[in-house]
Amino acid sequence: MSAETTSATAPALLVLEDGRTFRGRSYGARGTALGEAVFATGMTGYQETITDPSYARQLVVQTAPHIGNTGVNDDDAESRKIWVAGYVVRDPARRASNWRSERSLDDELVNQGIVGIQGVDTRALTRHLRERGAMKAGIFSGEAAARPAAELVAEVTAQPSMEGSRLAEEVSVTEAYVVEPADHGWEGEPRFTVAALDLGIKAMTPVRFAERGIRVHVLPATATFEDVQAVSPDGMFMSNGPGDPATADRQVLLLRKVLDAGLPFFGICFGNQILGRALGFGTYKLRYGHRGINVPVMDRRTGKVEITSQNHGFAVDAPLDGPTLAPEERFGRVEVSHVCLNDDVVEGLACLDIPAFSVQFHPEAAAGPHDAATLFDRFSELMDARGSQTGAAAESPAETAAESPAESPAETATETAAEPASETTKESK
């Protein structure tokens, strides 16, 4: 991406790989931005959206027509910078008006060199992407917009595809850090310690853990099983993140070691896809993905419908018809716990014989509804149950053996595990 940091508007052009173009005016920095064009349906939370690392290398189209009215502040960013490759809006606010606003969205885009375009018919653009699918695109403004259309289309199509892109390591932290419960309203000693793998983690996620008395060690995406063990965790968490889960071999192997060790696991979004792969299922690219704060999901175990915050372009290919033996048989049975009511896409996995579960949506809900916040409590219960079992076994091994004469798959996994079988695959839909 190339950019000139000037706030003056200039002619701008959005070019899609299929040759469709949308004209508008520059918004934010001027220059060229390349990425995958996707749309986000949230009517609020634009600052959290653009700072979500899961949007790395994507041109985000806001379907809500009026963007920027509450400005930008230093508290609501979900990471250290803006991650969207480019930004597409219809009607940007002329003036930010909110008591928490510290600067305008336009100025923030300029300051961080993010090329955008305004005045686009985002309704027509969204309909086009829904019909044709997410696709390569480019924003060209200033002098770049005056180049021949065929030349711009060629530049757009020449960029790498999102399929096969390995991006988690690019957005992750390089050094580990700790989020303490005491810094987020918790009184007393921490209840648990969690190792959280940063694949593009949002700032609010470790805060949700800390609010419940959980100390979080946030580790880089390149962390090893030895790095996880070094923090003596009661559980393991894998975050959301960008890119193709089919490239996350390193994280899949790490998670298999975690599951073999019987450590409780919770994953969201990219972490859900990694659990799916660790269990032996395949993943595939969705036509245009789920991105917004109003996606309905059915919890199949309770029948409850939750409105969720989502941002993903890939999904797990797992059977919907009840419990099944995982392709990696040493991990026992698994079931699809949640399903998207819009398209029946897998939205959650629950392991029945080992302490592990995951969801495809974002329960930290920044921004978004809090329907799924109880998942953090569910993970706490899973760690508490494992701690109770471990304590009981240490105090009275004879009684524990009498009550549970047969070992569980989680206990025997390390002894019986063979070399990982090849994964199932599925062609992109």
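Just so it is clear, the model here is predicted, and its values are computed rather than measured. (Residues numbered from 1 in each chain as written. Predicted model: local features only at pLDDT ≥ 70, side-chain atom pairs only at ≥ 80, totals over all residues. Heavy atoms only, no water.)

Looking at the overall build of the chain
Right, on to step 1. Scanning the chain from terminus to terminus reveals 12 helices and 21 strands.
Right, on to step 2. Buried positions account for 55% of the 429 residues belonging to the chain.
Right, on to step 3. Considering only contacts in the chain between residues 6 or more positions apart, those separated by 24 or more positions represent 77%. (Helix = DSSP H or I, 4+ residues; strand = E, 2+ residues; numbered from the N terminus. Buried < 20%, exposed > 50% of the residue type's maximum accessible area, 1.4 Å probe, protein only. Contact = heavy atoms within 4.5 Å.)

Structural notes on the pattern of salt bridges
Right, on to step 1. Applying the stated criterion across every chain yields a total of 19 salt bridges.
Right, on to step 2. The salt bridge involving R100 is made with D76; its shortest N-O contact spans 2.9 Å. With R100 in the loop between β8 (91-92) and α2 (105-111) and D76 in the loop between β6 (66-67) and β7 (86-88), this residue pair connects regions lying 24 residues apart in the sequence.
Right, on to step 3. Of the residues examined, D76 reaches a relative accessible area of 19% and is grouped as buried.
Right, on to step 4. We note a salt bridge from K202 to E364, for which the minimum N-O separation is 3.1 Å. Of the two residues, K202 is situated in the loop between β12 (192-197) and α6 (204-210) and E364 in the loop between β21 (356-359) and α10 (374-395); the sequence distance between them amounts to 162 residues.
Right, on to step 5. Salt bridges sharing common partners tie together D74, E102, R103 and E108. (Salt bridge = Lys/Arg side-chain N within 4 Å of Asp/Glu carboxyl O.)

Structural notes on the packing of helix α8 (residues 249-260) against helix α9 (residues 270-278)
Right, on to step 1. Axis separation between α8 and α9 bottoms out at 9 Å; the angle between their running directions is 70 degrees. In terms of orientation, α8 and α9 fall into the roughly perpendicular class. Side by side, α8 and α9 meet where D249, Q251, V252, L255, R256 and L259 of the first sit next to I274, L275, R277 and A278 of the second. (Axes fitted to C-alpha atoms, helices over the stretch in contact; angles between N-to-C directions. Parallel < 35°, antiparallel > 145°, perpendicular 65-115°, else oblique.)

Quick notes on α9
Right, on to step 1. When you tally the buried positions in α9, you get nine out of nine residues, the bulk of the element.
Right, on to step 2. The first or second residue beyond α9 is G280, which carries a positive phi of 105 degrees.

Some details on the nonpolar core
Right, on to step 1. Ranked by size, the top nonpolar core spans 38 residues in total, and within it M236, M238, L255, L259 and L279 carry the most contacts.
Right, on to step 2. For this core, the secondary structure elements donating two or more residues are β12, α7 (225-230), β14 (235-238), α8, α9, β19 (333-340) and β20 (346-351).
Right, on to step 3. Discounting chain neighbours no more than four positions away, the residues touching L279 are L259, A326, P327, E328, F331, V334 and C351.
Right, on to step 4. The next biggest cluster of nonpolar side chains, apart from the first, holds 22 residues, and it includes V194, A196, A210 and F357. (Core = buried A, V, L, I, M, F, W, Y, C linked by side-chain atoms within 4.5 Å.)

Description of the pairing of strand β3 (residues 21-28)
Right, on to step 1. Where strand β2 (residues 11-16) lies against β3, five bridges are found, and the strand directions are antiparallel. Paired with A12 across the two strands is G24, which belongs to β3. (Pairing = 2+ DSSP bridges.)

Digging into the pairing of β21
Right, on to step 1. Burial of β21 is two-sided: the residues A356 and S358 facing one way and the residues F357 and V359 facing the other way are all buried.
Right, on to step 2. The sheet contact formed by strand β15 (residues 265-268) and β21 spans four bridges and is parallel. Residue pairing across strands places F266 opposite F357, the latter belonging to β21.

Some remarks on the confidence of the model for the chain
Right, on to step 1. Looking at the chain, pLDDT values average 90 and 89% of them are 70 or higher.
Right, on to step 2. The low-confidence segment residues 396-429 (pLDDT under 50) makes 40 contacts with residues lying over four places distant or belonging to another chain. (pLDDT = per-residue confidence, 0-100.)

Brief notes about the environment of T324
Right, on to step 1. Mapped onto the fold, T324 is located in strand β18 (residues 324-325).
Right, on to step 2. Residue T324 is classed as partly exposed on the basis of its relative accessible area of 25%.
Right, on to step 3. Between the C-alpha atom of T324 and that of L352, which follows or precedes it by 28 residues, the distance is 9.6 Å.
Right, on to step 4. Apart from the residues within four sequence positions on either side, T324 is in contact with F281, P319, G332, R333 and V334.

Looking at the packing of aromatic side chains
Right, on to step 1. Considering all chains together, one arrives at 10 aromatic pairs under this definition.
Right, on to step 2. Measuring from centroid to centroid gives 5.6 Å for F39 and Y288, while their planes differ by 35 degrees, and the two rings are tilted. Of this pair, F39 sits in strand β4 (residues 30-40) while Y288 sits in strand β16 (residues 282-299), placing them 249 residues apart in sequence.
Right, on to step 3. We classify Y288 as partly exposed; its relative accessible area is 24%.
Right, on to step 4. Between the aromatic rings of F209 and F266, the centroid separation amounts to 6.4 Å while the plane-to-plane angle is 80 degrees, which identifies the pairing as edge-to-face. Placement of F209 in helix α6 and of F266 in strand β15 is noted, with a sequence separation of 57 residues between them.
Right, on to step 5. Taking relative accessible area as the criterion, F209 reaches 1% and is therefore assigned buried.
Right, on to step 6. Using a relative accessible area of 0% as the deciding quantity, one classes F266 as buried.
Right, on to step 7. Each member of the aromatic cluster is reached from another via a ring pair, and the members are F209, F237, F266, F357, F376 and F379.
Right, on to step 8. Above the ring of W83, the side-chain terminus of K81 is found at 4.5 Å from the ring centroid.
Right, on to step 9. Above the ring of F314, the side-chain terminus of K285 is found at 5.8 Å from the ring centroid. (Phe/Tyr/Trp six-rings, centres within 6.5 Å; stacked < 30°, edge-to-face > 60°. Lys NZ or Arg CZ within 6 Å of the ring centre and 35° of its normal.)

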